[in-house]
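Notes for the structure review
So the chains spell out like this:
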Amino acid sequence: MQDKEERNRIQQWAKRKAKGRPFLEGNQGYQDFDVNNVWISRCYNCDDVAVWIYDRMIYPQRGEAPPANANLPEEIRREYEEASSILDHSPRGAAALIRLAIQKLCKHLCQPGTNINTDIKSLVASGLDARVQKALDAVRVIGNNAVHPGQIDLQDDRATAESLFRLLNLVVEKMISEPKHVDEVYASLPDSGREAIEKRDQSD
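For residues with low pLDDT, the predicted coordinates do not support detailed interpretation. Mean pLDDT over the protein: 78, with 80% of residues reaching 70 or higher. The secondary-structure element of the protein with the lowest mean pLDDT is strand E1 (residues 23–26), recorded at 67, while helix H2 (residues 74–86) shows the highest, at 90.

This is the structure in structure tokens:
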């Protein structure tokens, strides 16, 4: 009889487990119970903690957008990650957040950040890479031209939102990452090498 009850208990536990939803086992009060189907992991690389329900990570939220460029400024990364987290549920909302992130990126690049047309014109005058100019112009034109950064465009769909993620990363790569890499390589040169380059440039 006792074995039958134990088998029945295990079967019921397995059925609840297989549903993939969190559940409590044990005392029905506020203590002395086990939490099932909830897991906590820690990344070996960044040491951040993640919370899982069954096989789905619920914290931190991650959408299906491409990962943010490693050199994306922290104050803009918040919009990027929030947009990524809602991409599946609200592509329009994600696109609005990415437009806002691009506006803030222009400001980070020493532009007013109030009008993307003016910002692009100023960046072009300062030697903006032609490919980056095309990317920014595409951001401006995609969807409804009258939509301001951070506002919902009813014409936006998932494909539009995904394009905006990629374009933002491209701008960061060309305007922040590549110059940073060049500066790092130059800084790694021996003093004699840098001095020779500076003398050569002064003589031109």
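The subject of this paragraph is the environment of Asn-169. Residue position: Asn-169 is located in helix H6 (residues 158–187). Measuring from C-alpha to C-alpha, the distance between Asn-169 and Asn-71 comes to 9.3 Å, with 98 residues separating the pair along the chain. When residues no more than four places from it in sequence are discounted, the contact partners of Asn-169 are Pro-66, Pro-67, Ala-68, Asn-69 and Tyr-80.

One open sheet holds the 3 strands; their spatial order is E3-E4-E5, and the pairing between them is antiparallel. Of all strands in the sheet, those with a lone pairing partner are strand E3 (38–42) and strand E5 (56–59), marking the two edges. The average undirected angle you get between the axes of adjacent strands in this sheet is 40°. Bridge count between E3 and strand E4 (residues 49–53): 5 bridges; the pairing is antiparallel. Its bridge partner being in E4, Arg-42 is matched across the sheet by Val-49.

Let us now look at helix H5 (residues 130–141). For H5, built from 12 residues, the straight-helix expectation of 16 Å at 1.5 Å per residue is met to within 8% by its first-to-last C-alpha distance of 16 Å. When we look at burial in H5, the residues that qualify are Val-132, Ala-135, Leu-136 and Val-139. Around the axis of H5, the buried residues are gathered within 95° of arc, so they sit on the same side. With respect to the buried face of H5, the exposed residues turned more than 90 degrees away are Arg-131 and Lys-134. Contacts from the buried residues of H5 go to helix H3 (91–108), helix H4 (116–125) and H6.

Turning our attention to the packing of H3 against H6. Contact geometry of H3 with H6 gives a least axis separation of 8 Å together with a crossing angle of 20°. With respect to their mutual orientation, H3 and H6 come out roughly parallel. Crossing of H3 over H6 shows left-handed handedness. Contact residues: Pro-91, Ala-94, Ala-95, Ile-98, Arg-99, Ala-101, Ile-102, Leu-105 and His-108 in H3; Arg-158, Thr-160, Ala-161, Leu-164, Phe-165, Leu-168, Val-171, Val-172 and Ile-176 in H6. Its residues assigned to classes, the contact of H3 with H6 comprises 14 nonpolar, 2 polar and 2 charged.

The next point concerns the side chain of Arg-77. Locating Arg-77 in the fold gives a position in helix H2. Given a relative accessible area of 15%, Arg-77 falls into the buried group. Within the structure, Arg-77 has its side chain in polar contact with the backbone oxygen of Leu-72 (distance 3.4 Å). With residues up to four places along the chain from it excluded, the contact list for Arg-77 reads Ala-68, Asn-69, Ala-70, Asn-71 and Leu-72.

Side chains bearing opposite charge may pair, as long as their charged atoms lie close to each other. On inspection of all chains with the given rule, the structure shows 5 salt bridges. Across the pair Glu-74 and Arg-77 runs a salt bridge, and its minimum N-O distance is 3.8 Å. You can see Glu-74 and its partner Arg-77 sitting in helix H2, 3 residues apart, about one turn around the helix. Owing to a relative accessible area of 52%, Glu-74 belongs among the exposed residues under this scheme. Where salt bridges share partners, they join Asp-88, Arg-158 and Glu-162 into one cluster.

Thresholds applied
- Each chain carries its own residue numbering, running from 1 in the written order of its sequence.
- Totals for whole chains, interfaces and linings use every residue, but because this is a predicted model, local features are given only for residues with pLDDT of at least 70 and side-chain atom pairs only at 80 or more, for both listing and counting.
- Side-chain metrics rest on all non-hydrogen atoms present in the structure, leaving aside hydrogens and water.
- The pLDDT value expresses, per residue, how confident the predictor is, ranging between 0 and 100.
- Helix and strand labels come from DSSP, where a helix needs a run of H or I of at least four residues and a strand needs a run of E of at least two; each type is numbered from the N terminus.
- Contacts are residue-level and defined by heavy atoms, with any inter-residue pair within 4.5 Å sufficient.
- At least two DSSP bridges between two strands are needed for those strands to be called paired.
- In this description, a line fitted to the C-alpha atoms serves as the axis of each element, helices being fitted only across the stretch in contact, and the angle between N-to-C directions of two axes falls anywhere from 0 to 180 degrees.
- Take the residue count of a helix, subtract one, and multiply by 1.5 Å to get its expected span.
- Partly exposed residues are those whose accessible area sits between 20% and 50% of the maximum for their type, while under 20% is buried and over 50% is exposed, using a 1.4 Å probe and protein chains only.
- Working definition: the arc comes from the directions between the helix axis and the C-beta atoms, pointing outward to the latter.
- Throughout, the term roughly parallel applies to angles under 35 degrees, roughly antiparallel to angles over 145, roughly perpendicular to angles from 65 to 115, and oblique to all others.
- Left-handed describes a crossing in which the near helix is turned anticlockwise from the far one by less than a right angle; the clockwise case is right-handed.
- Classes in brief: Ala, Val, Leu, Ile, Met, Phe, Trp, Tyr, Cys and Pro nonpolar; Asp, Glu, Lys and Arg charged; the others, Gly included, polar.
- Polar contacts here mean pairs of N or O atoms no more than 3.5 Å apart (in protein, one a potential hydrogen donor and the other a potential acceptor; neighbouring residues in sequence count only if both atoms are side-chain atoms).
- Note on definitions: salt bridges are taken to be side-chain nitrogens of Lys or Arg within 4 Å of carboxyl oxygens of Asp or Glu.

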